[in-house]
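Below are the chains, spelled out letter by letter.
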Amino acid sequence: MAYETIEVEPLAGSIGAEIAGVDLSKPLSNRQSDEVYRAFLEYSVVFFRDQDLSPEQEIAAGRVFGEPYSIPFVKPMDGYPELIDIIKEPEDVKMYNFGGRWHHDVSFQEEPAKGALLYALEAPKWGGDTVFASMYAAYETLSDGMKALLEPLVGLHSGRNSYGASGKFVGGANSSRSMQIENTAEGDAVMEHPVVRTHPETGRKCLFVNQNYTVGIKGMEEREARPILDFLLEHATRDEFTCRFRWRSGSVAVWDNRAAMHHAINDYDGARRHMRRVTLKGDRPFREQPSAGAE
Ligand SMILES: O=C(O)CCC(=O)C(=O)O
Ligand SMILES: [Fe+2]
């Protein structure tokens, strides 16, 4: 179906499109908002340029895609529990950056985020791109044998390597002085999600394992699960399944966290980068489409 009230320009073959003709600081017409949402589902991540958003306007823009909510572990912006500032200062050198490995946001939650809207207040002159990978493409290009092997598997997800008692952000290590990250016992909890999930809106299957938070596979030894997870990560991040977004101040990305992984490239030590994110409430991943007409 064509787009009539917005311009949609795909960025790569498997994922990502830039949308023009939309000012996210104002309420969108119903038609525009429907089309923007359709593009979000079709491309798994959509980008907008030259936006100017107050915190309230960013939250309102987030509502076009879902319901803003407050995430654990990262201290929100004062007065705005749905917003987090993601900042790397010029002096934050040689440290891990927030979102710096492949992940689905908060996949360790029972209901991982549906998606997120990320707004660049200050982009470095170069570097600091974000890369997205289509987990539809990753799943669909597996062999029938591998699909059958993965079908019944359950992934174990935990924030422990980031937010647990010995996570990488503990005691301020690896976190910018401009971000406050809390490590708690809850950070060590483990959540189970199907390795192959069915997208609740498109009905398409996608892989749901990632580098940051998938710590194992249920019922398997580490030495059994690790090679499978390593293979899936290597496969899912093949160049042809990805797109890479070059930020400018005022750029916005909105990703479908059910269908895409992402990571933030850390190649701009010495420059400042300031992003603001509104995270959207998700639902519990499931394996198959619930059967129609169950009632
Ligand atoms: O800073 C970025 O480009 C992305 C960071 C990240 O992973 C996120 O906001 O979810
Ligand atoms: Fe992220």
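Residues numbered from 1 in each chain as written. Chains lettered and ligands numbered in written order. Predicted model: local features only at pLDDT ≥ 70, side-chain atom pairs only at ≥ 80, totals over all residues. Heavy atoms only, no water.

**Q** Hey, could you run me through helix 6 (residues 222-236) in this one?
**A** Two residues of an α-helix separated by three or four positions point the same way, owing to the 3.6 residues in each turn. In a regular helix each residue adds 1.5 Å, so 15 residues correspond to 21 Å; helix 6 covers 20 Å between its end C-alpha atoms and thus fits that length. Taken together, the buried positions of helix 6 are A225, I228, L229, L232, H235 and A236. Around the axis of helix 6, the buried residues are gathered within 130° of arc, so they sit on the same side. Opposite the buried face of helix 6, by more than 90 degrees, sit the exposed residues R223 and E234. (Helix = DSSP H or I, 4+ residues; strand = E, 2+ residues; numbered from the N terminus. Expected span 1.5 Å × (residues − 1). Buried < 20%, exposed > 50% of the residue type's maximum accessible area, 1.4 Å probe, protein only. Arc of directions from axis to C-beta.)

**Q** In this structure, what is going on with the site of ligand 1? I would like to understand it.
**A** Every residue close to ligand 1 is listed here: I86, F98, G99, H103, D105, L118, T130, W255, H262, A264, R273 and R277. Here an oxygen atom of ligand 1 and a side-chain polar atom of D105 are 2.9 Å apart. Between T130 and ligand 1, the recorded distance is 2.6 Å, taken from a side-chain N or O atom to an oxygen atom. Isolated, ligand 1 exposes 290 Å² of accessible area, and the fraction of that covered by the protein chains is 100%. Those elements that provide at least two residues to the shell around ligand 1 are strand 15 (260-264) and strand 16 (273-280). Looking at the shell around ligand 1, its residues break down into 5 nonpolar, 4 polar and 3 charged. (Near = heavy atom within 4 Å. Polar contact = N/O pair within 3.5 Å; in protein donor to acceptor, adjacent residues only side chain to side chain. Areas by Shrake-Rupley, 256 points an atom, 1.4 Å probe, with all protein chains shown as cover. Nonpolar A, V, L, I, M, F, W, Y, C, P; charged D, E, K, R; others polar.)

**Q** Before we go on, may I ask you to explain the coordination of the iron ion (ligand 2) in this structure?
**A** Bound to the iron ion (ligand 2) on the protein side are H103 (NE2), D105 (OD) and H262 (NE2), at distances that span 2.0 to 2.1 Å. Read from N- to C-terminus, the donor residues coordinating the iron ion (ligand 2) fall into the pattern H-x1-D-x156-H. An identical accessibility class is assigned to H103 and D105; each is buried. (Donors = N, O, S within 2.8 Å, 3.2 Å for Na, K, Ca; no water.)

**Q** Sorry if this is basic, but what is going on with the sheet that holds strand 12 (residues 214-217) here?
**A** The strands making up a sheet associate through hydrogen bonds between their backbones, and the pairing can be parallel or antiparallel. Within the open sheet, the 3 strands sit side by side as 9-8-12. Their pairing is antiparallel. On the outer flanks of this sheet lie strand 9 (191-194) and strand 12, each paired with one strand and no other. Recorded for the sheet is a direction-independent mean angle of 35° between the axes of neighbouring strands. Here strand 8 (residues 154-157) pairs with strand 9 via 4 bridges, running antiparallel. Bridge pairing in strand 9 places V154 opposite P194. (Pairing = 2+ DSSP bridges. Axes fitted to C-alpha atoms, helices over the stretch in contact; angles between N-to-C directions.)

**Q** Could you clarify how one ought to interpret the packing of aromatic side chains in this entry?
**A** Across all of its chains, the model carries 13 aromatic pairs by this definition. Here F73 and F108 contribute two aromatic rings whose centre-to-centre distance is 5.7 Å and whose plane-to-plane angle is 55°, an arrangement assigned as tilted. Note that F73 is positioned in the loop between strand 4 (68-69) and strand 5 (83-88) and F108 in the loop between strand 5 and strand 6 (115-122), a separation of 35 residues in sequence. Taking the relative accessible area as the measure of exposure, F108 reaches 11% and is therefore buried. An angle of 65° between the planes, with centres 6.0 Å apart, marks the rings of F108 and Y163 as edge-to-face. On the criterion of sequence distance, the pair formed by F108 in the loop between strand 5 and strand 6 and Y163 in helix 5 (residues 160-163) is long-range, its members being 55 residues apart. (Phe/Tyr/Trp six-rings, centres within 6.5 Å; stacked < 30°, edge-to-face > 60°.)

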